Amino acid sequence: MGVEEQTLLDLKLQEYIDQKIKEGVAEALASQTKEEKTPRLAMVASKGTLDMAYPPFILATTAASLGWETGIFFTFYGLDILHKDRYKSLKVGPIGNPAMPPPIPALPSIKVPNLIAALPGMTSVATGMMKSWIAKAKIPTLPEMMEISVESDVRMFACGTTMGMMGIGEEDLIEGCEVCGATTFLDYASSANVSMFI
Amino acid sequence: MELPATDKELDCQGLLCPVPIIRISKAIKQMEVGQVLKMVATDPGSMPDMEAWSRQTGHQLLSAAEEDKVYTFYIRLTK
C-alpha cells in the first residue's frame, strides 16, 4: 500500500472511531436521563404547637398523593407529634403570639393583649378557637392527617437525641416511627429534591 | 371540546387543599388506564394545583373550567 492510501485509511478509521464514540456517549447519557427517579421530600419538624404540626403533614400527604417519597424528621418539640398521648392534645399559645388572628371577627383590629393572653385558661381558649376554624374549613384533624400519612408510607423519623433529652422512650411513640439521628436524616435528605425545616 | 364519558366523579366542593388531591389519588387507585375522572371543587387553589398535579403525575388534564367559583376538572389516567 502506498503512503497516501495508508493515510486515507487512517483518516477513515479515525472518523469511524470518532463517530462510534459520539454515538456511544449519547446513548449512555440518554439511558441515564431515562431512569426516572421518584421525587423525594424531606422535612424537619421541630415545633410542637398545633399550628406548626399541620404544615409537615399537609405537605407530606400532598407529596404522597403525587407519588413522591416523603420523610419527616421529628426533633425537639416536634417529637411530641409522635408521642402516643401528646399528639392528640397539641395546643397553640396566644401569649406573645402576635400572629394570632383577632378573636372577634366583627372587630378585626382588636387582638388579644398579652396580659389577657397570660390568664389561666387562655391557651385552651386559643386552641379551641383554632380547632374550630380547622373544623369549619373541613380540614382533617391532626390524627386523621397522620393516619393518611402513615397509610401513604410517609417515613417518620424520631430524633434519638430529643428522646434522651426529654426522657421519651420508644414505647411512648406511635407505631411506625424510626428512631435515628441526624446522620440518617441527612443521608435521606441528600437525595431529596425538596428539603425544608419547619 | 367534546368531553369524554366520565368513569368516576368526585365532589370536592367545600374541601380545601390537600383533601381534594388526596381524594383524587385514592380514587384513581381503583381506576384503570384510559379512564376519565371528573372532579368538582370550590378551593380557589385547585386550578393551579390541578395543573401542577397533572405535570407531576403524568396523567392528562383534559379540561379545567371555572364557573361561578366552581371548578370542574376532567382527568384521563395515563398509567
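Just so it is clear, the structure is predicted and the values come from calculations on it, not from any experiment. (Residues numbered from 1 in each chain as written. Chains lettered and ligands numbered in written order. Predicted model: local features only at pLDDT ≥ 70, side-chain atom pairs only at ≥ 80, totals over all residues.)

### Considerations on the overall build of chain A
Check the secondary structure of chain A and you find seven helices and five strands. Helices and strands appear in chain A in the N-to-C order α-β-α-β-α-α-α-β-α-β-α-β. Here the C-alpha atoms of chain A give a radius of gyration of 28 Å, more than 25% beyond the 16 Å that 2.2 N^0.38 yields for 198 residues. The principal-axis extent of the C-alpha atoms belonging to chain A is close to 105 × 45 × 30 Å. Burial statistics for chain A: of 198 residues in total, 24% are counted as buried. Considering only contacts within chain A whose residues lie at least 6 apart along the sequence, 72% involve residues at least 24 apart. (Helix = DSSP H or I, 4+ residues; strand = E, 2+ residues; numbered from the N terminus. Rg over C-alpha atoms; globule rule 2.2 N^0.38 Å. Buried ≥ 20, exposed ≤ 12 C-beta atoms within 10 Å, placed from the backbone. Contact = placed C-beta atoms within 7 Å.)

### Overview of the interface of chain B and chain A
Taken together, the eleven residues of chain B in the interface contact eleven residues of chain A. Of all the secondary structure elements, the ones that give two or more residues to the side of chain B that touches chain A are helix H1 (19-29) and helix H2 (46-57) of chain B. Sorting elements by how many residues they give to the side of chain B that touches chain A places H1 of chain B first, with four residues.

### Describing helix H5 (residues 142-151) of chain A
Along H5 of chain A, the residues that are buried comprise Met145, Met146, Ile148 and Ser149 of chain A. Taken end-on, H5 of chain A shows its buried residues confined to a sector of 160°, consistent with a single buried face. Structural note: H5 of chain A exposes Pro143 and Glu151 of chain A on the side pointing more than 90 degrees away from its buried face. As for H5 of chain A, its buried residues are in contact with helix H2 (50-65) of chain A together with H1 of chain B. Following H5 of chain A by one or two positions, Asp153 of chain A adopts a phi angle in the positive range, close to 60°. (Arc of directions from axis to C-beta.)

### Looking at H2 of chain B
Residue and element names in this part refer to chain B. Compared with the 16 Å implied by 1.5 Å per residue over twelve residues, the 15 Å span of H2 between its first and last C-alpha is a close match. Residues of H2 that are buried include every one of Ser46, Met50, Trp53 and Thr57, and no others. An end-on view of H2 places all buried positions within 60° of arc, on one side of the element. Within H2, the exposed residues directed more than 90 degrees away from the buried face are Pro48 and Arg55. If you follow the buried residues of H2, they end up packed against H1, strand S2 (36-41), strand S3 (60-67) and strand S4 (70-76). Note on H2: the residue one or two positions beyond its end, Gly58, has a positive phi of about 85°. (Expected span 1.5 Å × (residues − 1).)

### What about the sheet that holds S4 of chain B?
All names here are of chain B. In space, the four strands of this open sheet follow the order S1-S2-S4-S3, with mixed pairing throughout. In this open sheet, the two edge strands, each paired with only one partner strand, are strand S1 (8-12) and S3. On average, each strand axis in the sheet is tilted by 15° relative to the strand beside it, whichever way the strands run. Of the strand pairs in this sheet, S1 and S2 are connected by five bridges, and their pairing is parallel. Each residue of the ladder has a partner; that of Glu9, found in S2, is Lys38. Each of S1 and S2 is contacted by H1, which is oriented at about 160° to S1, the strand it contacts most. (Pairing = 2+ DSSP bridges. Axes fitted to C-alpha atoms, helices over the stretch in contact; angles between N-to-C directions.)

### Notes on the packing of H2 of chain A against H1 of chain B
In contact at an axis separation of 9 Å, H2 of chain A and H1 of chain B are set at 30° when each is read in the N-to-C sense. Along this stretch, H2 of chain A crosses H1 of chain B, giving a crossing that reads as left-handed. On H1 of chain B, the residues touching Thr61, Thr62 and Ser65 of chain A of H2 of chain A are Ile21, Ile22 and Ser25 of chain B. A per-class count over the contact of H2 of chain A with H1 of chain B returns two nonpolar, four polar and no charged. (Left-handed = near helix turned anticlockwise from the far one by under 90°. Nonpolar A, V, L, I, M, F, W, Y, C, P; charged D, E, K, R; others polar.)

### A few points about the domain arrangement of chain A
Each domain of chain A was delimited in the assignment, giving domain 1 (1-35) and domain 2 (40-197). Its C-alpha centre places domain 1 of chain A at a distance of 59 Å from the equivalent point of domain 2 of chain A. (Domains from an automatic or database assignment.)

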